[in-house]
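What follows is each chain in one-letter form.
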Amino acid sequence: MVYETFQTVLTEKLTQRLGPDCHLLIQKIPKNNGVMLDGLCIGKKGASVAPTVYLNSYFEQYQEGASIEQIAEEITQLYSRDSSFLRTDFSIINDFSRLKSKIVYKLIHTAANTNLLKEIPSIPYLDLSIVFYLYLDESPSGQMTALIYNRHLTAWDTSLEELYELASQNTPVLFPSDLKTMSQIMQEILRRNCDNDEPHDFIQDFSKSQPLSPLYVLTNCTGINGACTILYPRVLQDLSQQLKQDLVILPSSIHEVLLIPFDEHISLDELSDMVKQVNQAEVPMEEQLSDHVYYYSYNSDKVLILQDSASPNPC
């Protein structure tokens, strides 16, 4: 079954399941880095908003053997589980005074989002842009957010400067940073995958057998849009001070960055090549942040962009 037929058949199945009160519409929805996804909007009579289910990943499930019935059932359960948000008061979108505590920021790649950046307020940072969104609510399936557009600033009678000030206050509070060593992350993975009756000695033995890793993973408490934690006050500074070394920052994705202590023997060119290869092979296009390697200087408390091993450029 081709993708277009999959969309049509799935929509028909969902219409039968959800009943006449629901109206289903497939729309092209722009995402990060110019990626366009097919969003199935499920509107309900009397509701001011409609949840959106992205069909691209479901088509991949279908290609891997899932049936249309199974996928329709999964989406139906997802909609039923998250339908409480339909009772959320979205009139606050027009009341800036009630939104101030919900304004947060994230980082995206500038060159890959040139068209989007024409429509949204942003602040340049390295080869990236700080952009803003509303954190409205959270459901079992994820966060409920809304990207802030230029038209919102006009409607709210506010400025880019105020937006940045509010987001700088709110983001670290709503989404505190989470810094772990790679060893700690591996232990957490082992704990999640070990049976409850499996002895903890195995995990302890594993931990002792691993050399102290100089690799740190920095994200936020949710693991979503966590790369922006490099903007948080003192996060990089405190780690650098603790290690008594400057830091190399590898942009793993929009969700996290990897940090390693700077050493003059490190080949920054090799690290840059590694970041590019990982982005191409492992990171979905809409989650890629940058191909560049960054450098944090403790003395200046600034992040520099490394075009190559010999030319750091301050932001």
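The preceding data block contains the structure.
Note that the structure is predicted; figures quoted are calculated from it, not measured.

Examining unusual backbone geometry
Thought 1: Positive phi values are uncommon outside glycine, yet Asn225 reaches one of about 55°.
Thought 2: Structurally, the position occupied by Asn225 is in the loop between strand E9 (216-220) and helix H10 (235-243).
Thought 3: Owing to a relative accessible area of 10%, Asn225 belongs among the buried residues under this scheme.
Thought 4: Of note, the phi angle at Lys244 is positive, near 60°, even though the residue is not glycine.
Thought 5: Considering the arrangement of structural elements, one finds Lys244 in the loop between H10 and strand E10 (247-253).

Quick look at the packing of aromatic side chains
Thought 1: Summed over the entire model, instances satisfying the criterion amount to nine aromatic pairs.
Thought 2: Ring geometry for Tyr135 and Phe175: centres 5.0 Å apart, planes at 75°, overall edge-to-face. Remark: Phe175 occurs in the loop between helix H7 (160-174) and strand E8 (177-181) and Tyr135 occurs in strand E6 (residues 128-139); sequence separation between them is 40 residues. In terms of burial, Tyr135 and Phe175 fall into one category: buried.
Thought 3: Pairwise contacts between aromatic rings join Tyr3, Phe6, Phe59 and Tyr62 into one cluster.

Some words on the sheet that holds strand E3 (residues 52-54)
Thought 1: Spatially, three strands are ordered E1-E2-E3 in an open sheet, and the strand pairing comes out antiparallel. Of all the strands in the sheet, the pair left with one neighbour each is strand E1 (22-30) and E3. Each strand of the sheet is rotated relative to its neighbour by a mean of 30°, with strand direction disregarded.
Thought 2: As paired strands, strand E2 (residues 36-44) and E3 are joined by three bridges and run antiparallel to one another. Its bridge partner being in E3, Leu40 is matched across the sheet by Val53.
Thought 3: Its contacts with the sheet place helix H1 (residues 3-18) against E1 and E2, and it is angled at close to 145° to E1.
Thought 4: Contacts from helix H2 (residues 56-63) reach E2 and E3, with the element oriented near 45° to E3.

Rules and cut-offs
- Residues numbered from 1 in each chain as written.
- Predicted model: local features only at pLDDT ≥ 70, side-chain atom pairs only at ≥ 80, totals over all residues.
- Heavy atoms only, no water.
- Helix = DSSP H or I, 4+ residues; strand = E, 2+ residues; numbered from the N terminus.
- Buried < 20%, exposed > 50% of the residue type's maximum accessible area, 1.4 Å probe, protein only.
- Phe/Tyr/Trp six-rings, centres within 6.5 Å; stacked < 30°, edge-to-face > 60°.
- Pairing = 2+ DSSP bridges.
- Axes fitted to C-alpha atoms, helices over the stretch in contact; angles between N-to-C directions.
- Contact = heavy atoms within 4.5 Å.

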